[in-house]
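Reading the structure
Okay, here's what each chain looks like letter by letter:
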Amino acid sequence: MWDFHSRGSPNLARLHAPDKAARLPRSAEMTNFIQYNCPGAKETTGKGISKNMGDEKRPGRLLRDRWGALFAPPDFENESDRLAAEALNGALWLGTILLVALVIWEVFVDPRTGKTGVFDQLAGLGILVVGHWLLRRGRLRWVGGVTVSLGWLLMSADIYYRQGLHSPNIAVETLLVFVAGLLVNGRFALGLAGVIIALNFATALRQMEGILPNIAGGPAPLTRWFVLSIYIALAAFFVTIIRRYLDSSIQRSEMSDHLYQTLLRSTSEAVVLVDLEGCIARINRRGCDLIGCRLEEVLGSDFRALVGRRYHALLDRYVPRVLAGHEPPVYEIELNTRDGHAIPVEVSSGLVLDGKGRPIFIQNILRDMSERKVVEQALLHQATHDPLTGLLNRAEFEANLERAISRAQRERSRLALLFIDIDDLKKVNDQFGHATGDELLKAAAERLARTVRSGDILARQSGDEFVILVEPLHALSSASQLAGRILAEIARPLMIGDRGLQVSCSIGISIFPHDGGDAVGLMQAADLAMYAAKRAGKNQASFTTDIAPPA
């Protein structure tokens with residue numbers, strides 16, 4: 001699990017852009033999957049899990065769990081529906097608690113309101129119970145429509161039959177217009193406002209006829225109705241504008257979500273969203289195909305578990321830079337697939353922020369580098385190896401020799417250089433053709449590769465010449481023994497096609513630092529020793545000490 005100084009507590013079920021699409025189902029199965037497949041989740045929640053299991057029989061905890069389930073709103077995949085459900089659930093429970101307290105007050109503390117007032121409160125409680133029932137069944141739009149309509153009927157009955165336009169429920173009706181527009185739609189709010197204005201007009205007529213009481217010295221019923229109608233119409237008008245703005249915002253968010261989903265599906269790159277705990281919160285189909293896992297298998301798992309262990313330090317270096325808001329880095333790692341293979345990928349990382357600009361996810365775009373790596377390896381091999389024999393070429397050998405001499409100087413050790421020349425290759429080319437000569441060189445290279453030690457460096461110098469670097473050299477006898485094995489191996493009969501050939505080689509041996517203090521001097525000494533071996537009759541090895549001094 002990544003350890004950052006500024007760690008948040010991101011909600012895996014929420015994503016800023018787009019919001020709705022990144023919401024994950026908060027089911028028990030998903031929770032268990034994350035806990036048992038994400039090492040980070042194990043570390044942070046393992047104690048809590050064991051504690052809960054140990055507390056299953058505690059009455060207090062069991063009671064709290066049941067009350068929590070009772071008061072919690074149902075879950076919705078749509079983010080706007082989830083927020084509306086949470087707001088409705090809170091309003092319904094608040095109204096229920098207040099009405100219960102009011103009934104208790106009117107029955108036991110101040111019973112002067114009589115049975116009619118208690119009946120009104122009980123009717124309101126019945127409406128809230130219906131709202132709870134509808135919300136539990138996921139009928140979110142019905143909750144708004146039914147509770148507003150029934151509540152309006154209850155308030156209007158009090159206005160029309162009992163108290164007239166001076167009833168405090170006039171204010172509640174205006175509030176219900178706002179609630180209707182926010183929870184249902186603007187047309188419903190406008191329609192409800194029109195019905196309220198018409199009903200209040202009928203109430204004003206009843207007050208003028210003396211059927212309903214009117215406040216002495218107050219405004220005339222029609223005047224009061226006109227003023228109240230303006231307030232109600234304005235409420236309907238403003239809530240319609242607000243609702244249209246909200247619908248437009250939701251539509252833009254859903255369009256953004258749709259575009260983001262389309263990009264995730266259509267992009268040829270793997271996209272992996274990782275939360276601040278290092279667990280995978282989201283991955284597209286290309287990412288699943290790259291790893292070789294199904295979506296439900298990889299969600300909630302630790303991203304580091306997919307990365308080769310030798311690249312963990314690289315993650316620890318770059319991830320804090322991403323969280324600090326620096327320029328998104330591009331780096332290479334290897335992903336462990338389900339079948340055990342390692343895939344090289346190029347990673348482009350960036351932050352996903354919430355509405356307040358705080359980081360909640362790291363978005364990683366992974367590009368499969370397998371084909372490019374194959375091409376790079378092929379080009380590198382061509383640049384460093386001989387095309388005929390597959391051995392290292394002259395330039396690469398000289399670079400290795402320079403590094404070996406530097407190490408030998410630091411460690412005060414010795415190394416040997418064997419310069420090998422195939423005897424009489426020109427005769428083979430003249431007698432059987434260059435194709436046969438090439439086959440002879442490839443066969444000689446294979447035999448040399450079987451003879452040298454695993455740590456020795458073998459290369460083709462040019463034409464019929466090969467070189468071997470022995471590092472480190474513990475004794476001169478080791479170089480002479482290796483030369484003896486090479487002479488015997490090259491001298492074995494060789495079949496090329498239907499032709500039997502038998503060739504030999506001459507070997508010159510130089511020792512660092514005795515025969516040369518640098519690569520050039522060492523190569524010249526070995527070359528001179530090789531020519532000394534040829535002059536001595538070929539098919540033999542010579543040290544520089546075997547070179548006869550000039551007469």
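In this text the structure is predicted, and so the values were computed from the model without any measurement. (Residues numbered from 1 in each chain as written. Predicted model: local features only at pLDDT ≥ 70, side-chain atom pairs only at ≥ 80, totals over all residues. Heavy atoms only, no water.)

For the rest of this paragraph, the subject is the overall build of the protein. Across its full length, the protein holds 19 helices and 12 strands. Out of the 551 residues belonging to the protein, those deemed buried represent 43%. Considering only contacts within the protein whose residues lie at least 6 apart along the sequence, 61% involve residues at least 24 apart. Total accessible area on the protein stands at roughly 30200 Å², and carbon and sulfur atoms take up 59% of it. (Helix = DSSP H or I, 4+ residues; strand = E, 2+ residues; numbered from the N terminus. Buried < 20%, exposed > 50% of the residue type's maximum accessible area, 1.4 Å probe, protein only. Contact = heavy atoms within 4.5 Å. Areas by Shrake-Rupley, 256 points an atom, 1.4 Å probe, with all protein chains shown as cover.)

A separate point is the side chain of D464. Its place among the elements puts D464 in the loop between β7 (457-462) and β8 (465-470). No salt bridge is formed by the buried D464; the nearest opposite charge belongs to K534, separated by 5.9 Å. When sequence neighbours within four positions are dropped, the list of residues in contact with D464 reads I420, D421, I422, L425 and L441. (Lys, Arg positive; Asp, Glu negative; His and termini not counted. Salt bridge = Lys/Arg side-chain N within 4 Å of Asp/Glu carboxyl O.)

What follows concerns the state of the cysteines. Counted by the stated rule, this structure contains 0 disulfides. With no disulfide of its own, C293 lies 7.7 Å from the sulfur of C288, the closest cysteine sulfur. (Disulfide = S-S within 2.5 Å.)

This part covers the pairing of strand β4 (residues 342-353). In terms of residue burial, β4 counts as a mostly covered element, since 9 of its 12 residues are buried. Between strand β3 (residues 330-336) and β4, which pair antiparallel one after the other, the connecting turn spans 5 residues, and G340 there sits at a positive phi close to 90°. (Pairing = 2+ DSSP bridges.)

A few words on a nonpolar patch on the surface. A contiguous nonpolar surface patch, about 1200 Å² in accessible area, is contributed by L182, F226, V227, I230, Y231, L234, F237, F238, I241, I242, Y245 and L246. The element contributing the most residues to the nonpolar patch is helix α9 (residues 221-266), with 11 residues. Summarising the element assignment, I230 is placed in helix α9. Here I230 falls in the partly exposed class, since its relative accessible area comes to 41%. (Patch = residues over 30% accessible without salt bridge, like charges linked within 9 Å, V, L, I, M, F, W, Y side chains within 5 Å.)

Axis separation between helix α7 (residues 169-183) and α9 bottoms out at 8 Å; the angle between their running directions is 20°. Looking at the two axes, α7 sits roughly parallel to α9. Once α7 is placed against α9, the crossing between them reads as right-handed. Two secondary-structure elements touch here, α7 through I170, T174, V177, F178, G181, L182 and L183 and α9 through L228, Y231, I232, A235, A236, V239, I242, R243 and L246. Each residue belonging to the contact of α7 with α9 can be placed in one class, and the counts come to 13 nonpolar, 2 polar and 1 charged. (Axes fitted to C-alpha atoms, helices over the stretch in contact; angles between N-to-C directions. Parallel < 35°, antiparallel > 145°, perpendicular 65-115°, else oblique. Left-handed = near helix turned anticlockwise from the far one by under 90°. Nonpolar A, V, L, I, M, F, W, Y, C, P; charged D, E, K, R; others polar.)

As a further point, take helix α15 (residues 394-411). For α15, built from 18 residues, the straight-helix expectation of 26 Å at 1.5 Å per residue is met to within 8% by its first-to-last C-alpha distance of 25 Å. Along α15, the positions that sit buried rather than exposed are F397, N400, L401, A404, I405 and A408. Mapping the buried residues of α15 onto a view down its axis gives an arc of 145°, with all of them on the same face. Among the exposed residues of α15, those pointing more than 90 degrees away from its buried face are A395 and R410. As for α15, its buried residues are in contact with β6 (415-422), β7, β8, β11 (505-512) and α19 (519-535). R412 lies just past α15 and shows a positive phi near 55°. (Expected span 1.5 Å × (residues − 1). Arc of directions from axis to C-beta.)

Time to look at the sheet that holds β3. Paired through their backbone hydrogen bonds, the strands of a sheet run either parallel or antiparallel. Spatially, the 5 strands line up as an open sheet ordered β2-β1-β5-β4-β3, and their pairing is antiparallel. Here the strands that pair on one side only, and so sit at the sheet edges, are β2 (280-283) and β3. Going across the sheet, the axis of each strand differs from the next one's by a mean of 35°, ignoring polarity. Across the sheet, helix α13 (residues 312-323) is in contact with β3, β4 and β5 (359-368); its angle to β3 comes to roughly 130°. Contacts from helix α14 (residues 370-384) reach β3, β4 and β5, with the element oriented near 130° to β4.

A low pLDDT score tells you not to read the predicted coordinates there in detail. Per-residue pLDDT for the protein averages 79, and the proportion of residues at 70 or more is 83%. Ignoring residues within four places in sequence, the model shows residues 1-57, a span with pLDDT below 50, making 109 contacts including any to other chains. (pLDDT = per-residue confidence, 0-100.)

So, on to the side chain of N200. The topology assignment puts N200 in helix α8 (residues 186-208). Not counting residues within four places of it along the chain, the set of residues in contact with N200 comprises I159, L165, I170, E173, W225 and I232.

Our next topic: the sheet that holds β6. On the basis of which strands lie adjacent, the open sheet formed by 5 strands has the order β7-β8-β6-β11-β12 and mixed pairing. Of all strands in the sheet, those with a lone pairing partner are β7 and β12 (541-543), marking the two edges. Averaged over all neighbouring strand pairs, the angle between strand axes comes to 20°, with direction disregarded. Looking at chain direction, β6 and β8 are connected through 6 bridges and run antiparallel. Looking at the pairing, I420 lines up with F466 of β8.

Turning our eyes to something else, we now look at unusual backbone geometry. The step from E471 to P472 runs through a cis peptide bond, and the omega angle for that step is -10°. Structurally, P472 is set in the loop between β8 and α18 (476-491). Looking along the chain, the bond that leaves F512 and enters P513 is cis, with omega of 5°. With respect to the helices and strands, the residue P513 is situated in the loop between β11 and α19. Notably, R412 is not glycine yet its phi reads approximately 55°, a positive angle. Here R412 is to be found in the loop between α15 and β6.

Here we take up the nonpolar core. The biggest cluster of nonpolar side chains holds 34 residues, and the ones touching the most others in it are L418, I468, I486 and I507. Counting only elements with at least two residues in this core, the list comes to β6, α16 (425-432), α17 (434-451), β8, α18, β9 (494-496) and β11. Leaving out residues up to four positions away in the same chain, I507 has contacts with L418, F419, I420, A483, I486, L487, A529, M530, A533, Q540, A541 and S542. Formed by 28 residues, the second largest nonpolar core is a distinct cluster that contains L290, V298, Y331 and V345. (Core = buried A, V, L, I, M, F, W, Y, C linked by side-chain atoms within 4.5 Å.)

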